[in-house]
Structures are given as structure tokens and as C-alpha cells.
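Read off the chains here:
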Amino acid sequence: MIKRLVPLAIVVLVANGAALFMVARNVDGTPEARVQLTEREARLSDTEFDTTGVTLLLAWHDPAGPRRLAASWLTRENLESLGFDCSVAPDAPGAERHYSFAAQPTRSVYVVLDFNPAPTPVPSAGEPPTEAAPAAAGGEAVPGVAPRPAIERPSRLAAVDAGSDPMMLRQRYPDRTRFIVTHGVARLVFHAATPTARAFLGGTVAAVFPDELYVPTGLQAPLRRLERTKNSSLWEPLAHEPRYDVTIEYGSRLRPRVVDVRLR
Amino acid sequence: METIDAAGAPATREQAQQRADQVRAFRAEFDRLQAEGVLAVSSEQAAAIRRHHDGVLEDLAKRFDVDRTAAERQMSLGMRVASLLGAIALSAAVFLFFYRFWGLLSVPLQVVLLASAPIVAAAAVEVAARREKTLYIASLLALVAFASFVLGLSVVGSIFNMPPSFGAFLAWALFALLLAYAYRLRLLLFIGILCAGTWLGALLTSLTGAWWGNLMLRPENFVIAGALSLAMARLSTRLGDREFAYVYRATGCAALLLPMLWLSEIGEISYLPIDPSFIRHGYDVAGFALGMATVWFAIRRGWTETVNGGGLFLALFLCLKLYDWCWDWMPRYLFFLTIGVVAIALIAVLQRLRGRRSAAGARRTA
């Protein structure tokens, strides 16, 4: 009996032990970032499971637009530094195939999230709000692409940069109470030519990991009483003012943990 | 590992069931030959043969709990289905039970429960295996143990907000394979091979810089996993473990052949740094060649299931290619007629091969 059970137990204990070791390393030393977010950015998860656990969904956005089709800060140089092959000119024959998702799938990167609690500027009376036109890969404005009207963001946590080296990103964004460096995935986006615009390359942050945060048992009480958010409404503004603030700490291994929850 | 002991008696339940089926088939044919007047055996000899076989079946039933009649065989099949459904239901119950109560538990207690659940379930497998020779309950509990381990690692990752990692697949593969070899469970072996193949595919994908979650976009990873699985099949056969060799072989062939379907359609997902249209044509040729080689080799070795699997793959592959080449320009009736003719030709070829094999077998017997 022992001969058959011991190897199984070893596998289970080693696997769990390895996970806990990584957790311990993460919390060792000074936090990499400590940010206080509101309910806009960390929403209560609503699930169909009959569960007593409480999790928060990280609601972040790409500032280039609600559909996140292109990030103006993800230039061709950025994309190449992330490992994408941008050697083919966007308007060259075969470019669409070269830049297809099948040929160049998403890549693991480190993402910088900027928590800027300042509200979106209100436009002057009588004029529609506008944003700058999206820039093509290379930084120049794309001819023929009209500026998009500004909208109220569902969240004030925005993806603003990505790179392969988290330490370099932290040097670029030293404010640890505003900028979060975390794991993520970037995607190259090819925009085909239209009658009014040339073909151009863009990119977007496709996901950040983790984007669902477990709230420790001791901090769950204030949140249990609140009505939960439907997951599908993450990309819509809150229907009410934020009801709580949550403090999240990112450890040295860039793994977050919820350290404080306060009702407003 | 030896599956037949020194006296020639079966050492595993599969071997024992084959022996029991042989006896039953012999008895039926013996009675038929006597009834047709082909065989004339004295009543003493017939009684001696019957007594001998009764003893064999009695011994096999006592040691391995084999099915002695067709009715028992059907009931065993029902028990296997019930075992699988029971495993799925129990695993779901464990999963949902944990989620129902985890918010009320402290983190250390959560971790202890998650880590101990698969170990406790494995101990239950051991107890069940000692009490029941057919291993239906043991295999059910083994699946629950595996599901508990998957749940445990996944939830530990969620509790501590860890990004998804493919390393967990390696741990799951090891656990499933250890269970499979300890209790001779083919389903756990299959699950272990799948997890190991997934881990390998994710590792190879991540080495290219791509996110490991894109492993399905690089099917050539599975060709490598398939080749390794076939190597394990060969090793298992050499060691005399035919039951597990079959699982390795079936999984290996699927992992080797199915990627050909994708790669012959989408050349961009290949690792090869050449023109995608050239890649597609290359995999067209490779798909047919590998498919036919699989069928031919399996026929020579007598691997019936592999012959059927290879034949099915060839048929699917051919239909797909005919669709790619002909659908746009060929009249619809002619297209389906072509597929029908190809199917008939395939049947004729396989019948001819079967006939040759039967003749070769008859010559060896003579």
C-alpha cells in the first residue's frame, strides 16, 4: 500500500509546495506596487456557482478606444521589442498573411497599468468631445482616419505600456502608488487598407494576469453585503458611485493580493 | 513487465478475460462440429474437456472476476459506463462542495484541504482495489482523486492570484500516470498522456516567445508528442505490456495524424519559415503518406484498432482535400459521386489487404 501511495503523495505535496514557495517569494521584501483602487477598477465578481468566496474582477481598458483594436502607444518599435516580426511593410503584398493571428499569435509580456483617478475632461459646451486620431505603428498620424469622440471610461485603470523586462518598465514608471507592472499578453493587429486609409500595424494588450483577485476571508465581510456586478458589464461605467476602495499590493514576483477593503 | 507468468497462466484481468472468451468460443465451436458430424469424440473425452474448462473458468472467475457469459459481459459494460458517470458526478460534487464552503475557511485550512483531498482519494483507491478485483470502484475513485488534484492546484492558484501556468499540466500528468501504472487503469493512462502532451506543447510554444495559451495554434508540437507516445508504445510492447501499448499507440497515432488536417489547411501555423502555400501542399502529401503508412503498418502488425483509426483518418482527410480542390468548380452531384467512388475504392483495397492477411495466416497455420 505504501509503495503505491507514497509517490502519489509526493507529487501532490511537491506541486503544492512549489506553488506556496512562489507565493512566499512574492510577498518577501518590499511590495513592487501598492495601489488603492475603487469599485470601478475592482468589481465584485458575479458567478452562477453557489460560492461563498469573494473575488474582484480587474476592470482595465486600453486608452485607444472602447473596442481595443489598437493601442496608440504600441508602435512598430514597441511591437518589435516584444518579439513580433514587423519586417514586412504593411502595404506590401502578403502583409495581411504575415501579420495574421495564426502567423503571429499573442506573446507573453509585462504590462504597465496606470491608475489615474482624475475624471475624463468635459468638453466645452456645444462641441462634441474628441480624442486625438490613433497613431499608426511608427507614431505618425494615419491619414484619412477621423478622430474618435471621447467617452466616459468604465475604469480609470489603463494599459499604457508593455515590455519584456519588468525592471526596465518600473524604471520608466517609478510611481508605485499609481503604476502597476503585471503579467499580460500582447497582440499584433493588422489594419488593412481602406479607400480612405493606408494599411498600418497596431497592437493591443489582449489580457492581463491575473484579472480576477481573491479577497482573503478576513476582508470579505464588507463586500458580502453588496450586490454583485454581472461580468458582462465590466466594460460599462458603473451605474452608481463606487461603494468601496480596495488596496492591492503587488509582490516582487508581480502577483497581487488584496490587503485592505473599505466601504465608502 | 511480464503479463504472463512462467506457467503460461494469465497475470492480468485482460489476459484472463481473453482466456475465458477463448474457452467460450471453443465450447460453442466444439458443440457445432459435433452436431454437424465433423468431429467424433468419445463421451469420456468430451466430459474431460468440459471438466477441464469448467476448472479454468472457475479459477479465472475467482482470481480475476472475469465475464463467463455474454450476459455477464453486457453487465460489465454497463458497470463501466456507470463507473464513468459516477466519477464525473462525484468530481463535480467535490468541486461544487469546495466552492460552496471555501469562503468560510481560512487560507491555511483551504490549502490543507486542497492538498489532502487527492491523497485521501488515492488511499480510498487503494482500499477499493484490495477489496474488489474488477476495479470498477477503484477506477471511479481514481478519477475522483485526479479531479481533486486538478481542483486543488487550480484553486491554490486562484487563492494566491497566480497567473495561469502550464507547469500544472506536468504535475497532473505525473499523478495520472502513477495512478494508471499502480492500478492498471487505461483511462488514467490516457488522461496522463493528454496532460503530458499538453505540457510539452505549452512548453514548446512558450520557448518561441508566444503565450503558452496559443499551443493549439502550433499543432506541430503535438506531432512531437505523438512520436514520443509511439516510442512508449514500442517500449511497452517490448516489455510485454500490450494493454498500455495499445493506449500509447492509439494516442500517438491521433497526435501524429490529426495535426495534418490543420496544417494542410492553414500553413501559417507551422513553425517552418517557408511559404505557407508550400507548407500546405507539403502537409497534403505528408497527411496521405502518414495515413497510408499507418494503415499498412498496422495491418502487418495485426493492430485492428489502429487500422480502423488510420482508415477513418484517411477517409476524413480525403474528403477534406476533395472539398478544397473540387467544391468550387465541380457540380455538386459529381462531387458526392466522387466521394462515394473513393469510399468504395477504399473498401475494396482494405478487403483485398484483409484477404491477403487471412491467406498469409492460413499458410502459417498449415
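Bear in mind that the values here come from a model prediction, so they are computed numbers and not experimental data.

A.B. asks: So what exactly am I meant to see when it comes to the packing of aromatic side chains here?
C.D. replies: Residue and element names in this part refer to chain B. Under the defined criterion, the tally for this structure stands at 25 aromatic pairs over all chains. Ring centres of Phe97 and Phe101 lie 5.0 Å apart, and the angle between their planes is 55°; on these two criteria the pair is classed as tilted. Within this pair, Phe97 and its partner Phe101 are both found in helix H3 (residues 70–101), separated by four residues, close to a single helical turn. Both rings, one in Phe288 and one in Phe317, keep their centres 4.9 Å apart while their planes meet at 80°; by these two values the pair is edge-to-face. With Phe288 in helix H10 (residues 276–301) and Phe317 in helix H11 (residues 304–326), this residue pair connects regions lying 29 residues apart in the sequence. Taking the relative accessible area as the measure of exposure, Phe317 reaches 0% and is therefore buried.

A.B. asks: Quick question: what am I supposed to make of unusual backbone geometry here?
C.D. replies: A negative phi angle characterises most non-glycine residues, just as the trans form characterises most peptide bonds. In this structure, the amide linkage connecting Phe209(A) to the following residue, Pro210(A), adopts the cis form with an omega of -10°. By secondary structure assignment, the location of Pro210(A) is in the loop between strand S7 (200–209) and strand S8 (212–214). Residues other than glycine seldom take positive phi values, yet Leu254(A) does so here, at roughly 65°. Summarising the element assignment, Leu254(A) is placed in the loop between strand S9 (244–250) and strand S10 (256–263). Judged by relative accessible area, which is 6%, Leu254(A) ranks as buried. Non-glycine residue Asn161(B) carries a positive phi angle of around 55°.

A.B. asks: Would you mind showing me how to read a nonpolar patch on the surface here?
C.D. replies: Residue and element names in this part refer to chain B. A cluster of nonpolar side chains, contributed by Leu77, Val81, Leu84, Leu85, Ile88, Leu187, Phe190 and Leu194, occupies part of the molecular surface with about 730 Å² of accessible area. Secondary structure elements with two or more residues in the nonpolar patch: H3 and helix H7 (186–207). In terms of residue count, the dominant contributor to the nonpolar patch is H3 (five residues). Note on placement: Leu77 falls in helix H3.

A.B. asks: So what exactly am I meant to see when it comes to the confidence of the model for chain B here?
C.D. replies: Should the pLDDT be low somewhere, the predicted coordinates at that spot are not to be read in detail. Residues and elements named next belong to chain B. Scored by pLDDT, chain B comes out at a mean of 87, with 95% of its residues at no less than 70. By mean pLDDT, helix H12 (residues 332–365) is the weakest element of chain B at 78, and helix H6 (residues 167–183) is the strongest at 96. In the model, residues 1–6 has pLDDT below 50 throughout and makes 15 contacts with residues more than four positions away in sequence or in other chains. Scoring the predicted complex yields pTM 0.83 and, for the interface, ipTM 0.83.

A.B. asks: What exactly am I supposed to notice about the interface of chain B and chain A here?
C.D. replies: Where interface size is quoted, it is often the accessible area lost as the parts come together. At the junction of the two partners, chain B supplies 48 residues and chain A supplies 42 residues. Applying the counting rule to chain B against chain A returns three salt bridges. Across the pair Arg97(A) and Asp275(B) runs a salt bridge whose closest N-O atoms are separated by 4.0 Å. Viewed at the interface, chain A and chain B are joined by eleven residue pairs in polar contact (both at pLDDT 80 or more). Elements represented by at least two residues in the side of chain B that touches chain A include exactly H3, helix H4 (107–131), helix H5 (136–159) and H6 of chain B. Counting residues per element, the side of chain B that touches chain A draws most heavily on H4(B), at nine residues. Classifying every residue of the side of chain B that touches chain A gives 34 nonpolar, eight polar and six charged.

A.B. asks: How should I be thinking about the side chain of Gln220(A) in this particular structure?
C.D. replies: Looking at the element boundaries, Gln220(A) is found in the loop between S8 and helix H5 (221–224). A polar side-chain atom of Gln220(A) sits 3.5 Å from a polar atom in the side chain of Tyr214(A). Those residues in contact with Gln220(A) that sit more than four places away from it in its chain are Thr52(A), Gly53(A), Val54(A), Tyr214(A), Val215(A) and Gly103(B).

A.B. asks: Where do I start with the sheet that holds strand S1 (residues 33–38) of chain A in this structure?
C.D. replies: Hydrogen bonding along the main chain pairs the strands of a sheet, whether they run parallel or antiparallel. Residue and element names in this part refer to chain A. Taken in spatial order, the three strands make up an open sheet running S1-S9-S10, and their pairing is antiparallel. Either end of the sheet is taken by a strand with one partner, and the two such strands are S1 and S10. Put simply, the sheet's adjacent strands are angled 20° from each other on average, direction ignored. Alignment of S9 against S10, held across seven bridges, turns out to be antiparallel. Bridged to Tyr250 within S10 is Pro256.

A.B. asks: It is not clear to me how the side chain of His183(A) should be interpreted in this structure. Could you clarify?
C.D. replies: Relative to the helices and strands, His183(A) resides in strand S6 (residues 179–191). Within the local environment of His183(A), its side chain forms a polar contact with the backbone oxygen of Arg253(A), the two atoms lying 3.5 Å apart. The residues contacting His183(A), other than those within four sequence positions of it, are Val109(A), Tyr110(A), Val208(A), Phe209(A), Arg253(A), Leu254(A) and Pro163(B).

A.B. asks: Before we go on, may I ask you to explain the sheet that holds strand S4 (residues 107–115) of chain A in this structure?
C.D. replies: Residues and elements named next belong to chain A. Taking strand neighbours across the sheet as the criterion, the four strands line up as S5-S4-S6-S7 in an open arrangement whose pairing is antiparallel. The open sheet has two edge strands, strand S5 (157–163) and S7, and neither has a second partner. Going across the sheet, the axis of each strand differs from the next one's by a mean of 45°, ignoring polarity. As paired strands, S4 and S5 are joined by six bridges and run antiparallel to one another. Among the inter-strand pairings, Phe115 is bridged to a residue of S5, identified as Leu157.

A.B. asks: So what exactly am I meant to see when it comes to a positive patch on the surface here?
C.D. replies: Residues and elements named next belong to chain B. On the surface, Arg234, Arg238, Arg300 and Arg301 cluster together into a patch of positive charge. Looking at the positive patch, the elements with two or more residues in it are helix H8 (220–238) and H10. As for its position among the elements, Arg234 is in helix H8. Relative accessible area serves as the criterion here: at 46%, Arg234 is assigned to the partly exposed category.

A.B. asks: So what exactly am I meant to see when it comes to the nonpolar core here?
C.D. replies: Nonpolar side chains in soluble globular proteins tend to be buried together. Core analysis: the biggest nonpolar cluster contains 44 residues, and Phe146(B), Phe149(B), Trp172(B), Phe175(B), Leu179(B), Tyr183(B) and Leu188(B) have the highest contact counts within it. Looking at this core, the elements with two or more residues in it are helix H1 (2–27) of chain A together with H4, H5, H6, H7 and helix H9 (242–263) of chain B. Among the elements that take part in this core, H6(B) stands out by supplying eleven residues, more than any other. Of all hydrophobic cores here, the second largest spans 42 residues; its members include Ala42(A), Val111(A), Ile180(A) and Val246(A).

A.B. asks: Would you explain helix H2 (residues 43–64) of chain B in this entry?
C.D. replies: In an α-helix, one turn spans 3.6 residues; hence positions three or four apart end up facing the same way. Residue and element names in this part refer to chain B. Under the 1.5 Å per step criterion, the end-to-end length of H2 is 31 Å for 22 residues, consistent within 8% with the ideal 32 Å. Here H2 has its buried residues at Ala46, His53, Val56, Leu57, Leu60, Ala61 and Phe64. For H2, the angular spread of the buried residues around the axis is 130°, confining them to a single face. The exposed residues of H2 that point more than 90 degrees off its buried face are Glu44, Arg51 and Lys62. As for H2, its buried residues are in contact with helix H1 (13–35). Phi for Asp65, located one or two positions after H2, is positive at around 55°.

Reading the values: the criteria
Residues numbered from 1 in each chain as written. Chains lettered and ligands numbered in written order. Predicted model: local features only at pLDDT ≥ 70, side-chain atom pairs only at ≥ 80, totals over all residues. Heavy atoms only, no water. Phe/Tyr/Trp six-rings, centres within 6.5 Å; stacked < 30°, edge-to-face > 60°. Helix = DSSP H or I, 4+ residues; strand = E, 2+ residues; numbered from the N terminus. Buried < 20%, exposed > 50% of the residue type's maximum accessible area, 1.4 Å probe, protein only. Patch = residues over 30% accessible without salt bridge, like charges linked within 9 Å, V, L, I, M, F, W, Y side chains within 5 Å. Areas by Shrake-Rupley, 256 points an atom, 1.4 Å probe, with all protein chains shown as cover. Salt bridge = Lys/Arg side-chain N within 4 Å of Asp/Glu carboxyl O. pLDDT = per-residue confidence, 0-100. Contact = heavy atoms within 4.5 Å. Polar contact = N/O pair within 3.5 Å; in protein donor to acceptor, adjacent residues only side chain to side chain. Nonpolar A, V, L, I, M, F, W, Y, C, P; charged D, E, K, R; others polar. Pairing = 2+ DSSP bridges. Axes fitted to C-alpha atoms, helices over the stretch in contact; angles between N-to-C directions. Lys, Arg positive; Asp, Glu negative; His and termini not counted. Charge placed at Lys NZ, Arg CZ, Asp CG, Glu CD. Core = buried A, V, L, I, M, F, W, Y, C linked by side-chain atoms within 4.5 Å. Expected span 1.5 Å × (residues − 1). Arc of directions from axis to C-beta.

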